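As a plain string of letters, each chain reads:
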Amino acid sequence: MSNDTATAEAEGTTEAAPAPEPIPHGIGASLPPADARAKTEGTFPYAADLWAEGLLWAAVLRSPHAHARIVSIDTTHAREMPGVRAVVTHEDVPGAPLHGRGSRADRPVFAAEVVRHHGEPIAAVAADHPDTARMAAAAVIVEYEVLDPVTDPEQAFEAEPLHPDGNLIRHIPLRHGDPEAAGEVVVEGLYRIGRQDPAPIGAEAGLAVPRPDGGVELYLASTDPHGDRDAAAACYGLPPEQVKIVVTGVPGATADREDQGFQLPLGLLALRTGCPVKLTATREESFLGHVHRHPTLLRYRHHADAEGRVVKVEAQILLDAGAYADTSSDALAAAVAFACGPYVVPNAFIEGWAVRTNNPPSGHVRGEGAMQVCAAYEAQMDKVAKKLGLDPAEVRLRNVLATGDVLPTGQTVTCPAPVAELLQAVRDFPLPALPKDTPEDEWLLPGGPEGAGEPGAVRRGVGYGIGMVHMLGAEGADEVSTATVKVQDGVATVLCAAVETGQGFTTLARQIVQETLGVDEVRVAPVDTDQPPAGAGCRGRHTWVSGGAVERAAKMVRTQLLQPLAHQFGMSTELLQIADGKITSYDGVLSTTVAETLEGKELWATAQCRPHPTEPLDETGQGDAFVGMAFCAIRAVVDVDIEIGSVRVVELAVAQDVGRVLNPAQLSARIEAGVTQGVGIALTENLRTPRGLIRHPDLTGYALPTALDAPDIRIVKLVEERDVVAPFGAKAVSAVPVVASPAAVASAVRAATGRPVNRLPIRPQAAVVTGN
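Before going into details, it helps to say that this report is about the structure given with it. (Residues numbered from 1 in each chain as written. Predicted model: local features only at pLDDT ≥ 70, side-chain atom pairs only at ≥ 80, totals over all residues. Heavy atoms only, no water.)

## Considering the nonpolar core
Stage number 1. Tyr300 and Phe338 are the most contacted members of the largest nonpolar core, which has 161 residues in total.
Stage number 2. Element by element, the count of residues in this core is highest for helix α17 (residues 735–753), at twelve residues.
Stage number 3. In contact with phenylalanine 338, not counting residues within four places along its chain, are Ala370, Val373, Tyr377, Leu407, Met468, Val469, His470, Phe626 and Met629.
Stage number 4. Residues Val109, Val243, Leu264 and Cys275 belong to the second largest nonpolar core, which totals 30 residues. (Core = buried A, V, L, I, M, F, W, Y, C linked by side-chain atoms within 4.5 Å. Buried < 20%, exposed > 50% of the residue type's maximum accessible area, 1.4 Å probe, protein only. Helix = DSSP H or I, 4+ residues; strand = E, 2+ residues; numbered from the N terminus. Contact = heavy atoms within 4.5 Å.)

So, in structure tokens, the structure goes:
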């Protein structure tokens, strides 16, 4: 005790300790994630940390070829190696040989007769030691007849079928308006979008444990546990109730997190050996195994009048699905439906195709379909502005979509669509200061202090990107989630199979229950397939559908809690309110605490949330295919060294349509993360696959943006116009910044250089200006 404190106490003047900071509570508060401390301290249990008694280790042999006929597979040497407990191939799959995400099961567990992409699984091994497993996998002798791969999606139309289902996965011909319509100004463009890898922070890992009933439990970082369970059960020839998926910590997910070609062999090995089997993928195996963003070729023609208003859009969109269908049909629907962007287009004629090639498989990656077309239609809007000598932002404002307008699919936009407000907000936000031409500020120049050229070669550009995405599934997908809320001893527990992938669902669930029941301590139970299904963790599903189910269950418990009090005082439960842990009546007669009312009680309720139905696009691309939409406008400011082509993103100003802010800190983090991911798409991320072979499948060869690459991100406006059909009125926030930011960066580089910039990521040569 200090002398000052002792004196103060002797005089009776000791100051009271400051009151503790109030804990954030309920909807609208920045409630921190429950697992934040464990993750930052490195104590959070991820799948790679799992262990079990009698553990064996697995390894998967993958094809070194993009396309080959399998002549023979000899596992003799591998089986005879000391420590090897099992080797499985396609001959050891007892159930359905095909699996896949999306609507088609078209991918084999192991390649049987033909290899269709680099890295396709051929065999899997279980052994006493991970090194033994890897050596045994390498000892499996496969004789291949190497075939010429089809890697150009345009050639897929004429090539021999690569799959029994053919090369064409889906064709959507959208027809809207008058095909003879024409504008006074016509601009055309050809655009290419590269292959982006989701590059999860942790590579795939999992543990399979055999069950006494002949089934198996899989401990995985799954984002769709019930879908994965059903695929596994079919593969193993077991009823679904004998296969259980337990979701372990998911180390981030911006796509389908798990490679089923990794999961399914794991369970087969556990069933074959009767022992727990663990597999931890290397980063190379992760790149080879999971799906990537669809590389896309886009041809566009825009017709506009003399005022810059779009009259007609014609486009051809070709998605490279890689070897298997996966979710390519869904991605194509989004690409075709949003091919004109958040603009009013009275006449639109779009042809969209998704085709198989021998490239690595493509699938769900945040903003799939919408991101690719956004880069193209925004480039077209820049061309219209340039040809008419108009400001690019003004041309966009003259065309923007609003609530009540009609999409080219014929669907009326019934949700809030404040696109003009978003664009005006970023346009009017003050521009950042220009960097000074001094040595100490060279780090501000493109390329950094050692990589920049002469400061006099740097040009600044300002560009815009406006993106739109759909939320939830589309085209008749049955979106439903189930949740249970239990309250006992003053503690609430939420049971819902919605996987926390970093989108903040567990935090949101806690906030919902706190808000509805006035209970401070809320726990979210771990996820497994013994719970009712909640669907995949993508497209804002869990904020909407699972959050809605939690809210409904919590409201049912609230009624159970309040009914005895309401009956006692002769009033309805609607006249009672819960706030700050207290229950009060409208007239002040009743006032008690939630804790007192709950004492000795156990209350619970289960509820479902199912949004209104949608319908598939018809043979002309028409139909009410989407439940809801979200919008975002971004203004990019870039500095470009026009002599060496290096680009630095100085600032991205973001205005977004969010419906309602449920957790301010979490929402800002999600927007910033999406914008930064978009910068990677714009400038660095391109998984190169010459002749179908993934080159440099590691984080050295695949350049992710780092903290040094992240620009200043200014969230200048969040429009809170609630969507009346969505629980809480909130919209998904993660995907649409990913969609808009690459287009905005490309637009800014065009403004700085005058070059067309028709490819993402932007290559240095595309930003070089000659003759200066």
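From this point, things continue past the structure.
## Comments concerning helix α4 (residues 130–139)
Stage number 1. Taken as a whole, α4 has its buried residues at Thr132, Ala133, Ala136, Ala137 and Ala139. Seen from one end, α4 has its buried residues packed into an arc of 155°, which puts them on one side. Among the exposed residues of α4, those oriented more than 90 degrees off its buried face are Met135 and Ala138.
Stage number 2. Residues of α4 that are buried sit in contact with β1 (56–62), β2 (68–74), α3 (76–80), β3 (84–88), β7 (121–127) and β8 (141–146). (Arc of directions from axis to C-beta.)

## Description of the side chain of aspartate 723
Stage number 1. Counting through the fold element by element, aspartate 723 comes out in the loop between β28 (712–719) and α17.
Stage number 2. The side chain of aspartate 723 sits in the buried core without any salt bridge; lysine 731 is the nearest counter-charge, 4.9 Å away.
Stage number 3. Once residues lying within four places of it in the same chain are set aside, the contact partners of aspartate 723 are Cys415, Pro416, Trp544, Gly729 and Lys731. (Lys, Arg positive; Asp, Glu negative; His and termini not counted. Salt bridge = Lys/Arg side-chain N within 4 Å of Asp/Glu carboxyl O.)

## A closer look at the side chain of glutamine 380
Stage number 1. Assignment of secondary structure puts glutamine 380 in helix α9 (residues 370–388).
Stage number 2. Taking the relative accessible area as the measure of exposure, glutamine 380 reaches 0% and is therefore buried.
Stage number 3. A polar contact is formed between the side chain of glutamine 380 and the backbone oxygen of valine 187, at a distance of 3.1 Å.
Stage number 4. Apart from residues lying up to four places away in sequence, glutamine 380 is in contact with Val187, Glu188, Gly189, Tyr191, Tyr300, Arg301 and His302. (Polar contact = N/O pair within 3.5 Å; in protein donor to acceptor, adjacent residues only side chain to side chain.)

## Quick word on unusual backbone geometry
Stage number 1. Of note, the bond from leucine 760 into proline 761 is cis; its omega dihedral lies within 30 degrees of zero at 0°.
Stage number 2. Along the chain, the position of proline 761 falls in the segment after β29 (759–760).
Stage number 3. The phi torsion at histidine 696 lies on the positive side, around 55°, for a residue other than glycine.
Stage number 4. Mapped onto the elements, histidine 696 comes out in the loop between α16 (664–683) and β28.
Stage number 5. The phi angle at valine 757 is positive, at roughly 50°, despite the residue not being glycine.

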